[in-house]
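# Notes for the structure review
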Amino acid sequence: MLPNTGKLAGCTVFITGASRGIGKAIALKAAKDGANIVIAAKTAQAHPKLAGTIYSAAEEIKAAGGKALPCVVDVRDEQQISSAVEKAVEKFGGIDILVNNASAISLTNTLETPTKKVDLMMNVNTRGTYLTSKACIPYLKKSKIAHILNLSPPLNLNPLWFKQHCAYTIAKYGMSLCVLGMAEEFKGEIAVNALWPKTAIHTAAMDMLGGSGIESQCRKVDIIADAAYCIFKKPKSFTGNFIIDENILKEEGIKNFDVYAITPGHPLLPDFFLDEQPVIVTKKPETHGALPELKEEEAQPSPKPRSGAVEGTFRIVKDSLSEDVVKATQAIYQFELSGEDGGTWFLDLKSKGGNVGYGEPSDRADVVMSMSTDDFVKMFSGKLKPTIAFMSGRLKIKGNMALAIKLEKLMNQMNARL
């Protein structure tokens, strides 16, 4: 891992969402140099499911060698942002680095995203980043270091990254557009850059999205902290860049990335917004105008079912059905599978005793899931989390998302048998 050089000693780093996860990891890395950390986050009291508050983070920062100022900040509240900035300047004399890390996520399609969730993502991700930057810029202009770092992705206009979770993508890209604009606006005065992970990072949020066991496909938050540290050491002229964590660390001479893996040697999940998903995107996407055009496998329904892994999976699922399962689920699922053993299959958890079979269900499906036969078998055997398959575009869902989540819980119960 990247060693500390002491270059951030005495610097004041203002970090949104620093009570846990990536924000806290960046804070602790800077604290080891003796930096002053402003922990601008909402969590003043412990969350029942998520560990860490601004006060517990402050204790860790002090233990690491830094100074800490915990501030209750909801980045949707301009007054709370201004108050925290004023306190930071009063306590530490200025602000040298701003990290816009606070973010909200909902991986839902257009019709399934409530307005409340749309507003949350737009107001935390885009508006929060803009307002926090605006409040810090007058003080950053006075700093010799002067960095703004947004935890946001490269501006990739591949439609794949919009079709599954349009609102989330717009909100994250809003953070990236702040980089594009402010880097040019404050050129020579403040370095403004974006940082994004090449792979999934293990955080509490990832556990909630992917469920237990997902951590083996993730890297530690340390890789983002080390990459951010590399950026902070660079001059103000290093600006307007959309940086991938692994790439900048390779430039620093890091060769062994196993040290960042939760489970060294285990395959890693590629992160969003990077066209490194061979299952979905062709190796050489065809260009259509200015945008890359996706080529997706089309479902090839088989005229009749054949014996194989899919049929075997459905047979085990059928044996696992009971009145209790049907009563608890009350949904009909239709599967459109491409590849060998493909075609249309169904799982009826509404009718008495439940039923499975080849072809369309007798009643209209509540949820239609489209995927390859390989991914279907992996999902039901616990080797592929449905949430992760959906996030990466390998699973497409139409219909009632709440009932789709119910099926995921049912799969977890069946994993031992499959």
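Relevant structure appears above.
Analysis parameters
Residues numbered from 1 in each chain as written. Predicted model: local features only at pLDDT ≥ 70, side-chain atom pairs only at ≥ 80, totals over all residues. Heavy atoms only, no water. Helix = DSSP H or I, 4+ residues; strand = E, 2+ residues; numbered from the N terminus. Buried < 20%, exposed > 50% of the residue type's maximum accessible area, 1.4 Å probe, protein only. Contact = heavy atoms within 4.5 Å. Areas by Shrake-Rupley, 256 points an atom, 1.4 Å probe, with all protein chains shown as cover. Phe/Tyr/Trp six-rings, centres within 6.5 Å; stacked < 30°, edge-to-face > 60°. Lys NZ or Arg CZ within 6 Å of the ring centre and 35° of its normal. Pairing = 2+ DSSP bridges. Axes fitted to C-alpha atoms, helices over the stretch in contact; angles between N-to-C directions. Polar contact = N/O pair within 3.5 Å; in protein donor to acceptor, adjacent residues only side chain to side chain. Expected span 1.5 Å × (residues − 1). Bend = angle between axes of the 7 residues up to and from the residue. Salt bridge = Lys/Arg side-chain N within 4 Å of Asp/Glu carboxyl O.

## As for the overall build of the chain
- What the chain contains, in helices and strands, is 14 helices and 14 strands.
- Evaluated residue by residue, the chain yields a buried proportion of 53% over its 418 residues.
- Restricting the contact set of the chain to residue pairs at least 6 apart, pairs at least 24 apart contribute 73%.
- Per element, the accessible surface of the chain, about 19,100 Å² overall, is 52% carbon and sulfur.

## Focus: the packing of aromatic side chains
- On inspection of all chains with the given rule, the structure shows 16 aromatic pairs.
- Where Phe162 meets Tyr173, the ring centres are 5.4 Å apart and the plane angle is 90°; that geometry is what we call edge-to-face. Remark: Tyr173 occurs in helix H6 (residues 166-185) and Phe162 occurs in helix H5 (residues 160-163); sequence separation between them is 11 residues.
- Residues Phe257 and Tyr260 carry aromatic rings whose centres are separated by 6.0 Å and whose planes lie at 40° to one another, so their mutual orientation is tilted. Neither Phe257 nor Tyr260 differs from the other in exposure class; each is buried.
- Put simply, the rings of Trp161, Phe162, Tyr168, Tyr173, Trp196, Phe272 and Phe273 touch in pairs and so form one group of aromatic residues.
- When the ring centre of Tyr229 is taken as reference, the NZ or CZ atom of Lys29 above it lies at 5.1 Å.
- Above the plane of the ring of Phe238 lies Lys234, whose end atom (NZ or CZ) is 5.0 Å from the centre.

## Quick notes on the sheet that holds strand E3 (residues 67-72)
- Strand order in the open sheet made by the seven strands is E3-E2-E1-E4-E5-E6-E7, with parallel pairing throughout. What marks the edges here is a single partner per strand, and that holds for E3 and strand E7 (242-244). Put simply, the sheet's adjacent strands are angled 20° from each other on average, direction ignored.
- The pairing of strand E2 (residues 36-41) with E3 spans six bridges and is parallel. Note that in E3 the partner of Val38 across the bridge is Leu69.

## Here we look at the side chain of Ser133
- Tracing the backbone through its elements, the reader meets Ser133 in helix H4 (residues 115-140).
- We classify Ser133 as buried; its relative accessible area is 0%.
- One polar contact links Ser133 to Asn100, side chain to side chain, over a distance of 3.1 Å.
- Setting aside residues up to four positions removed in sequence, Ser133 forms contacts with Leu98, Asn100, Ile148 and Met182.

## Brief notes about H4
- In a regular helix each residue adds 1.5 Å, so 26 residues correspond to 38 Å; H4 covers 35 Å between its end C-alpha atoms and thus fits that length.
- Maximal helix bending in H4 amounts to about 40°, located at Gly128.
- When H4 is considered as a whole, its buried residues turn out to be Met121, Val124, Asn125, Gly128, Thr129, Leu131, Thr132, Ser133, Cys136, Ile137 and Leu140.
- Considering only its buried residues, H4 is in contact with strand E1 (12-16), helix H3 (78-92), strand E4 (97-100), strand E5 (147-150) and H6.

## A closer look at the pattern of salt bridges
- Counting across every chain of the model gives 13 salt bridges.
- With a closest N to O distance of 3.3 Å, Asp366 and Lys350 form a salt bridge. Of this pair, Asp366 sits in the loop between strand E12 (355-358) and strand E13 (367-372) while Lys350 sits in the loop between strand E11 (343-349) and E12, and the two are 16 residues apart along the sequence.
- For Asp366, a relative accessible area of 23% puts it in the partly exposed group.
- For the salt bridge of Arg394 with Asp375, the shortest nitrogen-to-oxygen distance reads 2.8 Å. Here Asp375 lies in helix H12 (residues 373-380) and Arg394 lies in the loop between helix H13 (386-391) and strand E14 (396-399), a separation of 19 residues in the sequence. Taken as a pair, Arg394 and Asp375 share a single burial class, namely buried.

Honestly, that's just the spatial picture; any functional story needs more than this.
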